[in-house]
Amino acid sequence: MQMFVRPGIVAAVSALLLAAPAQADAANSGRKPRPGLIESLFGGFGNQDAGGQPARRRSSGFGSFKDGLFSDGRKPRQGAPGRAAIADTDPQDGIPGLGMGNLTYVPPKLVPLSGLAPGGARPAAPDAAAIYDQLVSGNPAVRVLPAARDALAAQYAARSFRPIWLEGGRLSERGKDVLKLLARAGDEGLEPQSYLPTGLAGFDAPLPEADPAAMARLDIDLSAAALRYAHDASGGQFDPARLSRYNDLQPPWVAPDKAINVIANTPFPVQYLQSLHPTHPAYAAMKKALAEFRAGQAAPPQAKIADGAIVKKGEADERIPSVRARLSALGFTAEVPGGADPETLDAGTSAQLRLFQQQAGIKVTGALGPQTVAALNGSGGDGSIGKLLGNMERIRWLPRDLGRRYVFVNQAAFEATVMKDGQPEWQTRVIVGKPDTQTAVFNDEMEMVVFNPSWGVPPSIIAHEYLPKLRRDPAYLDKQGFKVVNQQGKVVPSRSVSWGSYGSKVPYGIQQPPGAKNALGEIKFLFPNSHDIYMHDTPSRDLFEKDVRAFSHGCVRVQNPREFAAVVLGWTPEEVAAKVERKASETVRLKQKLPVHIVYFTAWPDKQGNIVYFNDIYGRDNPLENARTARLLAQR
């Protein structure tokens, strides 16, 4: 986020000052106020691109940062003492996060597929009349989403209530094939019970063919089940926004009216339903791994860890090797230091325990106690199956077409990959948001690369982070090489300002010029979005050597920004180096926008198709697993 003092800005200051009362009136009346003076002087905070132009806010997020506040009114937290020097401050430091952001899943409200008023006269044909009677009656019936109810009612009305799956009062071959497909939903990581027609005790149960009313009910329920399957296969079982506040995704759900129209009229409903599943190679790899686990071809479940006394860091216990093995199987790998006692709870294993405890939603201590043992035992055995199911669901949330060439940032793996024609073209380590200031999950397009960016310090950081330092040393910003601009657009020495006279509102703008110590580093990569998240360099390069790289306040820091710039721009390394070494800030637009997918996968296949598991740093796997249970209960 940059600040700019544009030529001729001083001439506009008087008009801006005169507009202040009008802004206050606008705020009081509920109208959108004009930009504040400092915001106007510097081109705004968080809602403008590197060229000072308003950024398009494509993602429908949970609030964006602007002028030190989120759009929902939350205020930034007070800066903690002992912070790093200003040059190492994350560009979004001081901006409040949403905590862990995980939500207890509440299934959407379902409505009964009965008690409808489809209009028109009751059909004369017995099979159509039976279906008409079922739809208009107030008898208990299968419950569906409101949009599905409307689509089903419209489809039956359009076909004069003729059955979709019955022929001569019996289930047609089309119907039998669809019923078999629904029974195999588990192969796709779905729960077959979610698609069992209410009139059947099981998929292989005898059909009520002697009862015309029951067969009519079966026709309706099978249509509803097929439509639910189409919804889940095309975009997922769950709305990601109901699982985490950091999810800003629009799953590619097929429209219910379109889906039921095809299902009801195609001779090949099974093929159509199968075509709705993701075609990404990662989905096929996970589906294969799921089948192997369920067939017993994968590693057998590990033995349960025994109960015992609490073990703190530095203490020894014979269960520690088993704990370390269980953590490793779940993606929390810790190596025993050379020469150390393998039965001692070393610092590395304790740190991995803390990450696991955070994921499991239990007290974070880094010690082995009864609650942690129970959680480890509960996550053992089929823990990988649970991860596969959850990550197959996450793939369904992705756009069906990621692009011929795109950037794929997997937060759980701390990696960014440029993909081209389905193959990795380039890869780098990245740093993502801390657990309480997570990087959002969303899709966008990269538009610009900024060389030698400057950083406009947000008002919240000025007030909460730097003002206490400036009260102690008014020349602090001068020493750090920052520029201070007053309301007249004039650069003034930091030491000339009476910083002790101001509280939360400071009538000065602060800008960190381009340079080696700039918080954004040498290069930043912009894909304007409502979360003000972008990718950038950082002077804190030592953090890339950490295994767990969750240190930022939302933005994605790139380990090799020069290489990244060369790849996305199609330049040579020498061309990139020349731009950087000019030391002047310059924005270069990509010739063609590049899709960017910021994702969160705790399981993902490697180049050989083998599934690799990653630490669930944000604790999102358990809420997703709990959501499956909640959904089944809601459908009963």
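See the structure above.
Draft legend 1. Structural context of the overall build of the protein. Each helix and strand in the protein was counted, giving 19 helices and 21 strands. Here the contacts in the protein between residues at least 6 apart in sequence split such that 71% fall between residues at least 24 apart. As displayed, the protein offers around 28100 Å² of accessible surface, 53% of which is attributable to carbon and sulfur atoms.

Draft legend 2. Fine view of the pattern of salt bridges. In this structure the tally under the stated criterion is 23 salt bridges. For the salt bridge of Asp346 with Arg324, the shortest nitrogen-to-oxygen distance reads 3.0 Å. Taken as a pair, Asp346 in the loop between α11 (320-329) and α12 (347-360) and Arg324 in helix α11 lie far apart in primary sequence, 22 residues in all. In this structure, Asp346 and Arg324 share a single accessibility class: buried. The shortest N-O distance in the salt bridge between Lys593 and Glu447 comes to 4.0 Å. Taken as a pair, Lys593 in strand β19 (residues 586-599) and Glu447 in strand β10 (residues 442-451) lie far apart in primary sequence, 146 residues in all. Overlapping salt bridges, with partners in common, bring together Lys387, Arg394 and Asp621 in one network.

Draft legend 3. A look at the packing of helix α5 (residues 146-158) against helix α8 (residues 256-265). Taken N-terminus to C-terminus, the directions of α5 and α8 make an angle of 40°; their axes are 9 Å apart at the nearest point. Overall, the two elements α5 and α8 adopt an arrangement that is oblique. Pair α5 / α8 crosses with right-handed handedness. Here Ala147, Ala148, Ala151, Leu152 and Gln155 of α5 lie close against α8, whose contacting residues are Pro256, Asp257, Ile260, Asn261, Ala264 and Asn265. Residues of the contact of α5 with α8, tallied by class, amount to seven nonpolar, three polar and one charged.

Draft legend 4. Seen up close, the sheet that holds strand β13 (residues 491-492). Spatially, the four strands line up as an open sheet ordered β11-β14-β12-β13, and their pairing is antiparallel. A strand with exactly one partner marks an edge of an open sheet, and here the two such strands are β11 (455-456) and β13. Relative to strand β14 (residues 509-512), strand β12 (residues 483-485) runs antiparallel, the two being bridged by three bridges. When the sheet's bridge partners are listed, Val485 is paired in β14 with Gly509.

Rules behind the numbers
Counting from 1, residues in each chain are numbered in the order their sequence is written. Only residues with pLDDT of at least 70 get local features here, since the model is predicted, and only at 80 or more are side-chain atom pairs given and counted; chain-wide, interface and lining totals rely on the full set of residues. Side-chain measures here rest on the full set of heavy atoms in the structure, leaving out hydrogens and waters. Runs of E in the DSSP output that reach at least two residues are strands. Runs of H or I that reach at least four are helices, and both are numbered from the N terminus. We call two residues contacting when some pair of their heavy atoms lies within 4.5 Å. The protein chains shown are the only cover counted for residues, whose accessible areas, like all others here, come from Shrake-Rupley with a 1.4 Å probe. A carboxyl oxygen of Asp or Glu within 4 Å of a side-chain nitrogen of Lys or Arg is what we treat as a salt bridge. Think of it in three bands: residues with accessible area under 20% of the maximum for their type are buried, residues over 50% are exposed, and the middle band is partly exposed, with areas taken using a 1.4 Å probe on protein chains only. Interaxial angle, 0 to 180 degrees, is taken between N-to-C directions of lines fitted to C-alpha atoms, where a helix line uses only the stretch in contact. Convention used here: angles under 35 degrees read as roughly parallel, angles over 145 as roughly antiparallel, angles from 65 to 115 as roughly perpendicular, and any remaining angle as oblique. Each crossing gets its handedness from the near helix: less than a right angle anticlockwise from the far helix is left-handed, clockwise is right-handed. Amino acids are sorted into nonpolar (Ala, Val, Leu, Ile, Met, Phe, Trp, Tyr, Cys and Pro), charged (Asp, Glu, Lys and Arg) and polar (every other residue, Gly among them). Note on pairing: DSSP must find at least two bridges between two strands before they are called paired.

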